[in-house]
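Reading the structure
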Amino acid sequence: EYIALKQRNEIGLIAINTSVFQTIAKIAVEEDEHVVLHDATPFKYPIGCKVVNDQLILTLEIKVDYKVNVNETCSRLQTKIYESIEHMSDYAPDVIDIRVIGFLFE
């Protein structure tokens, strides 16, 4: 599945595969020391990405360190993912849904 960028030139149209957005979100999660992705299963990846009515929708399943404020951590992660995708692709995601699946007790 691809999403077409709004920038069009005389050569053609640029389209980006949704897996690119998943990879950018994964890197943003890995850079945060208080968050990890939920364990992937053979049939489900913890980062979902789909395009519905020309809107990019990201869904992440994460675990959060039990010592931090969950709301602030998720808000900061949403901002980081949004800014990373916007900076790397010149496309702004419409929805970034973060689901806290569990906590880290280390």
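Here, the structure is the one placed above.
The present account deals with the structure reproduced in this document. Note that the structure is a prediction, hence the values are computed from the model and not measured.

Quick look at the nonpolar core
Ranked by size, the top nonpolar core spans 25 residues in total, and within it F21, L58, L60, I62 and I81 carry the most contacts. Sorting the residues of this core by element identifies β1 (2–8), α1 (18–31), β3 (35–37), β4 (47–52), β5 (55–65), α2 (70–89) and β6 (95–104) as the ones contributing at least two each. Apart from the residues lying within four places of it in its own chain, the contact partners of L58 are F21, I47, G48, C49, I81, I85, V95, I96 and D97.

Digging into the packing of α1 against α2
The geometry of α1 relative to α2 is characterised by a closest axis approach of 9 Å and an angle of 135° between their N-to-C directions. Considering the angle they form, α1 stands oblique to α2. Relative to α2, α1 is oriented so that their crossing is right-handed. Here α1 contributes F21, I24, A25, A28, V29 and E31 to the contact with α2, which in turn contributes L77, K80, I81, S84, I85, M88 and S89. Each residue belonging to the contact of α1 with α2 can be placed in one class, and the counts come to nine nonpolar, two polar and two charged.

Section: the packing of aromatic side chains
Evaluated as defined, the whole model comprises two aromatic pairs. Aromatic pair F21 and Y91: ring centres 6.2 Å apart, planes at 45°, arrangement tilted. Highlighted residues: F21 in helix α1 and Y91 in the loop between α2 and β6, separated in sequence by 70 residues. For the pair formed by F21 and Y91, the shared burial category is buried.

What counts and how
- Residues numbered from 1 in each chain as written.
- Predicted model: local features only at pLDDT ≥ 70, side-chain atom pairs only at ≥ 80, totals over all residues.
- Heavy atoms only, no water.
- Core = buried A, V, L, I, M, F, W, Y, C linked by side-chain atoms within 4.5 Å.
- Buried < 20%, exposed > 50% of the residue type's maximum accessible area, 1.4 Å probe, protein only.
- Helix = DSSP H or I, 4+ residues; strand = E, 2+ residues; numbered from the N terminus.
- Contact = heavy atoms within 4.5 Å.
- Axes fitted to C-alpha atoms, helices over the stretch in contact; angles between N-to-C directions.
- Parallel < 35°, antiparallel > 145°, perpendicular 65-115°, else oblique.
- Left-handed = near helix turned anticlockwise from the far one by under 90°.
- Nonpolar A, V, L, I, M, F, W, Y, C, P; charged D, E, K, R; others polar.
- Phe/Tyr/Trp six-rings, centres within 6.5 Å; stacked < 30°, edge-to-face > 60°.

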